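# Commentary on secondary and tertiary structure
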Amino acid sequence: MKKSKLIFVFPNTSSFVRRDIVIMQEQYNVITFSFNPSKKILLPFVFVKQFLFLLYHLPAARIVVCQIAAYHSFLPVLLARLFRKPSVIFLAGTDCARFPSLQYGNFCKPVLAWFTAVSVRCATHLAPKHGSLIRAPYHYDFSGAPEQGVACFVKNLQTPYTVIPNGFDETVFYPLPVTRKPQSFITVAVGIGTSNINTLKGVDMIVEVAQLLPACTFMLVGVEGRRGLSNLPPNITCLPPQDTGQLQHLYSGHQYYLQLSLSEGFPNAVCEAMLCGCIPIVSDVNALPDIAAGCGFVVKQRNKEMLKAAIEKALQMSTTAMAQKAVEHIRKEYTMQKRKEQLYELYNSLI
């Protein structure tokens, strides 16, 4: 039986984009377009290329799907309306945020904010990875108060939405039979060392707290040449970006995973680390409290004393029991099968 054509547009080929393509290919003929100009000056040319791509493929397509709302989702949802095709936008985080002090989030930039707003208004349906990406109070740090979410920045947003969390493959991430180093902590983020990433991902807090806990060890993964990270305490180790196999080995050798972001829609790394037996210590933002529910620790405000207290509390708990809870929580609540079923149900209802 011939599969229906599905157009999938995204800004770059990330790990979760690749996973979703694999999921969707089971039922659909997935036609992809990566909207990723190497330089801003090339943006108009990529728009023209995308326009021609859509004109060619849309007449035979059954549905259009976009990964996050931004420049690249603008033409797909508008032309989908013109051709009377349903369109879905996955909301992931930066497209629902505004942190002016860091210039983080689509709604910090007027032009990008306009493209984002038109996209979410004109889409047939939105699929946020967590309900807080639509609208939720924000208390973790003054820079994001009093609330965050796309509906805070797009007035009278009426587009219907369905929350569909990320899904994870327990056959790829699982605990390896290696020795876990006692009192060891790990965090993974792209671009560690740049000032805005250090703040956005809470790396600056980790550095401060590491100095107060010399008996503990901390690993930062995603550091290119240690730039912006001079004078680190001796209990912090840095590594450049790692591949999947290397990350699995690192997670399996650490007891705790730190995810102290100012904003984080539904992060992959903390869930993958939990599947490998790491106990999560997370900030009170977006999906993180749900991810750590019953098997980790939540830091309520961006405060190094609160982080230190959470770490000290974690060190007093039975790591074996909590690590197993972390593994089982992700295996039960955030599976690839659940995401697959929710995606198919949404697409089929719209088609």
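Values in this document were obtained by computation on a predicted structure and should not be read as measured data. (Residues numbered from 1 in each chain as written. Predicted model: local features only at pLDDT ≥ 70, side-chain atom pairs only at ≥ 80, totals over all residues. Heavy atoms only, no water.)

### Thoughts on empty space enclosed by the protein
If a probe as big as a water molecule is rolled over the atoms, it shows which places are left empty. Inclusion rule: Residues are called lining when one of their atoms sits within 4 Å of a cavity or pocket point, these points coming from a 1 Å grid over the protein atoms alone, where a cavity is a set in which a 1.4 Å probe fits but cannot get out and a pocket is an open set with protein on both sides within 12 Å along at least five of seven lines. Grid points are joined across faces, edges and corners, and a volume is the space filled by probe spheres set on the points. For the purposes of this entry, the term helix denotes a DSSP run of H or I that reaches at least four residues, the term strand denotes a run of E that reaches at least two, and both are numbered from the N terminus. Each residue is assigned to one class: nonpolar for Ala, Val, Leu, Ile, Met, Phe, Trp, Tyr, Cys and Pro, charged for Asp, Glu, Lys and Arg, and polar for all the others, Gly among them.
Under the criterion given, the structure shown has 1 cavity of 30 Å³ or more. As a volume, the largest cavity reaches approximately 30 Å³. Contributing to the lining of the largest cavity are Phe16, Arg19, Asp20, Asn166, Gly167, Met336 and Arg339. Those elements that provide at least two residues to the lining of the largest cavity are helix H1 (15–25) and helix H13 (336–350). Of all the elements, H1 adds the most residues to the lining of the largest cavity, at 3 residues. Grouping the amino acids of the lining of the largest cavity by side-chain chemistry returns 2 nonpolar, 2 polar and 3 charged.

### Remarks on the packing of aromatic side chains
Our working rule: Here the aromatic set is Phe, Tyr and Trp, taking the six-membered ring for Trp, and pairing holds for ring centres within 6.5 Å; pairs whose planes are under 30 degrees apart are stacked, those over 60 apart are edge-to-face, and all others are tilted. The buried label goes to any residue with under 20% of its type's maximum accessible area, the exposed label to any with over 50%, and the partly exposed label to all in between, with areas taken from a 1.4 Å probe on protein chains only. Charge-over-ring placement is defined geometrically: NZ (Lys) or CZ (Arg) within 6 Å of the ring centre, and within 35 degrees of the ring normal.
By the definition in use, this model includes 21 aromatic pairs. With 6.4 Å between their ring centres and 70° between their planes, phenylalanine 8 and phenylalanine 90 make a pair best called edge-to-face. Within this pair, whereas phenylalanine 8 is found in strand S1 (residues 4–10), its partner phenylalanine 90 is found in strand S4 (residues 87–91), the two being separated by 82 residues in sequence. Accessibility assignment for this pair places phenylalanine 8 and phenylalanine 90 in one class, buried. Among the aromatic side chains, those forming a connected cluster through ring pairs are Phe33, Phe35, Phe47, Phe53, Tyr71, Phe74, Trp114 and Phe115. Geometry around phenylalanine 16 places lysine 129 over its ring, the cationic atom sitting 3.9 Å from the centre.

### Some words on the pattern of salt bridges
Let me state the cut-off plainly: Definition used for salt bridges: Asp or Glu carboxyl oxygen within 4 Å of a side-chain nitrogen of Lys or Arg.
Tallying each qualifying case throughout the model produces 12 salt bridges. Residue arginine 331 is joined to glutamate 170 by a salt bridge in which the shortest nitrogen-to-oxygen separation is 3.6 Å. Note that arginine 331 is positioned in helix H12 (residues 319–333) and glutamate 170 in the loop between helix H5 (150–153) and strand S8 (184–192), a separation of 161 residues in sequence. You can call arginine 331 partly exposed: its relative accessible area is 27%. Among the residues examined, glutamate 170 registers a relative accessible area of 36% and is labelled partly exposed.

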